[in-house]
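One-letter residues, chain by chain:
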Amino acid sequence: MKIIDKINAAIEEKRTMFSFEYFPPKTDEGVINLFERLDRMASFEPEWIDVTWGAGGSTAQKTLEICATAQKYCGLETMMHLTCTNMPRAEIDDALRQAKAAGIQNILALRGDPPRGEEWKKVEGGFAHAADLVRYIRAEYGDFFGICVAGYPEMHLDSESRDKDLEHLKAKIDAGADFIITQLFYDTSLFLKFVNDCRALGINCPIIPGMMPIQTYGGFRRMTSLCKTFIPEHINKALEPIQDDDSAVKKYGVDLCVQMCRDLLAAGTPGVHFYTLNLEKAVTQILEDLDLIAASRPSRALPWRSSAYTNRKEKEDVRPIFWANRPRSYMSRTASWDDFPNGRWGDSRSPAFGELKDWHLGSMAPPRSNYSKQWGVAPEKVEDIINVFVGHCEGKVTRLPWVDTAIAAETSVIQQQLMKINRAGFLTINSQPRVNAADSSDKLFGWGGPGGYVYQKEYLEFFCSPENKDKLLAQMVNFPTLSYHVVNVKGESVANTKGTAAVTWGVFPGKPTVVDAAAFLVWKDEAFTLWETQWGNAYEEGSVSRELIKEIHDTYFLVNIVDNNFISGNLFDIFDKVIDASTPSVV
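Under an unreviewed UniProt entry, the name given to the protein is methylenetetrahydrofolate reductase (NADH), and the organism recorded is Acanthamoeba castellanii. Recorded in UniProt for the protein, the comment headed Cofactor (unreviewed entry) runs: "FAD".

What follows is the structure in structure tokens.
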């Protein structure tokens, strides 16, 4: 979707919007950590994010990859920076083609800065000004891309005068740009004067202020010196006595940014754009203080975060629950599909159902050095593995091979029960609590828009030993509302149900998440492989830890259980029976 359409919709609805900017990290580990941050900050529902293009095109490929991942996998409407600097027309064409293929429909067109220590110069066959780039995109792609350009409340450093700078800005709008994001500033009166001057010149598009919270004293001084930013005296006086106290500087930066945002919004500015510097806490605090988080935000359209890739977003309304905690893997499997829901996941009886042998295993995994930070000491016995799973339920471990993020907020409803069964050796990788007609605007369970009701069957998915599997199945006869499917790595399978069953639904059309027997067997291959590829590979070949992981991979069972009594059922009752039966009596 084009960002200008989202901006216009927010203005029409009188809804305050916000957005985030990120830059490509220099290392692969940094990129992985950025994706985890994007996932967390996506829950704030920013209107869009944008990703910078390094000086002289130095981060071109990484920028494209981050934008494509954020667009498809994180469900974020993404705008890609594109500069003229050191970019022949052929390279600009290639970048635009790749962006379009990835579903990226928004470009921030910039002249750009040269690499450090070099002077700016036009390359042969390239463009001299951002207006030329805007004009070229419109000529080659028509209305496909939404185009943003930069505005400078204090004028661009290379401009002859402020009037000339405003003329250049109008030339960019006249060439086909849709809206403006400004350079950072710390005097709101300068921004408001800039807007008034733009309007007087006939620039009538939305103008979004760029806000950079002060994170550190040194960083603030370097950035404002580089950009020649005017600093009001009251800011200098406030920072001087606390410049060596990092926490005090950050708190002041948050408070200052909150007040600036309030002043701008009160003056009629439609929203704010945050230069995050790839940091999270300060921007989060600012949004909370502005009451822009956890207030009357629109609920999810579906139980999962929808992809911002147009083809998927418009057509997908069913997903299997097995990939709930590994959405990137699911979307990698289905990236080439042109129709959603596809029979391979919606209903295995469809002629479209086929065997899938590829999955998204390694590209988003953290480096081996990160595993010890996540999971503590190298495991030498099953109890060590159990402690990691219990730690995840407690929120102390933020990631497992089968779970890309920390536990969901709704899990708090069943957290204590999850901890109990994990301690007993039922190693959970997916779950959802029972929900009977919760309001669709409910903070924990709501989706689908206001005025509706949502439902969930209680669901558990876990690994367990053959002994625990046998004890569990022996009790199943006493729990007729439970449906289950058990399988090991060899594909030996036991189930009391077949086909597809909805486990999440609402008053809205469709069956948003499903349990499907055939899809579960496809997921089984991925789930077992993750033991070795992500956990086992963290340790040396032949080590005690590596052999322990391999034994679990070879002998354990993967189990899913659905309690079909979503009105008054309690799926954990059966585990109480199993655990109590396994506990020796004290005489």
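Along the chain, the position of F144 falls in the loop between α5 (130-141) and β5 (146-151). With a relative accessible area of 25%, F144 lands in the partly exposed category. C-alpha of F144 to C-alpha of I104: the two residues are 40 residues apart in sequence and 9.8 Å apart in space. In this structure F144 touches K2, K100, I104 and Q105, once residues within four positions along its chain are discounted.

Ranked by internal contacts, the top residues of the largest apolar core, which has 101 residues, are F20, F179, Y186 and F274. The biggest single contributor to this core is helix α10 (residues 246-266), with nine residues. Residues contacting F179, with those up to four places away along its chain left out, are I3, I4, I7, W48, M79, I147, C148, V149, C205, P206 and I208. Grouped together as the second largest cluster of nonpolar side chains are 38 residues, V403, V515, F528 and V562 included.

Turning our attention to unusual backbone geometry. What you tend to see is this: most non-glycine residues have negative phi, and most peptide bonds are trans. Phi at D291 is positive, roughly 60 degrees, even though this residue is not glycine. Relative to the helices and strands, D291 is located in the loop between α11 (281-289) and α12 (310-315).

Strand order around the closed barrel formed by eight strands is β1-β2-β3-β4-β5-β6-β7-β8, with parallel pairing between neighbours. Taken pair by pair, the neighbouring strands of this sheet meet at an average axis angle of 30 degrees, ignoring direction. Of the strand pairs in this sheet, strand β4 (residues 106-110) and β5 are connected by three bridges, and their pairing is parallel. When the bridges of β5 are listed, L108 appears paired with C148. Against the sheet, helix α3 (residues 60-72) touches β2 (48-51) and β3 (78-83), its axis set at about 165 degrees to β3. The strands touched by α5 are β3, β4 and β5; relative to β4, the strand with the most contacts, the crossing angle is about 145 degrees.

Remark on secondary structure: sheet strands pair via backbone hydrogen bonds, oriented parallel or antiparallel. Judged by pairing direction, the sheet is mixed, and its five strands sit side by side in the order β9-β17-β16-β12-β11 without closing on themselves. Single-partner strands in this sheet number two, and they are β9 (319-320) and β11 (435-439). Inspection of the sheet shows β11 paired to strand β12 (residues 453-456) by four bridges, in the antiparallel sense. Note on β12: the bridge partner recorded for N436 is Y455.

About the criteria used
- Residues numbered from 1 in each chain as written.
- Predicted model: local features only at pLDDT ≥ 70, side-chain atom pairs only at ≥ 80, totals over all residues.
- Heavy atoms only, no water.
- UniProt positions renumbered as here; feature names shortened; annotations may be inferred.
- Helix = DSSP H or I, 4+ residues; strand = E, 2+ residues; numbered from the N terminus.
- Buried < 20%, exposed > 50% of the residue type's maximum accessible area, 1.4 Å probe, protein only.
- Contact = heavy atoms within 4.5 Å.
- Core = buried A, V, L, I, M, F, W, Y, C linked by side-chain atoms within 4.5 Å.
- Pairing = 2+ DSSP bridges.
- Axes fitted to C-alpha atoms, helices over the stretch in contact; angles between N-to-C directions.

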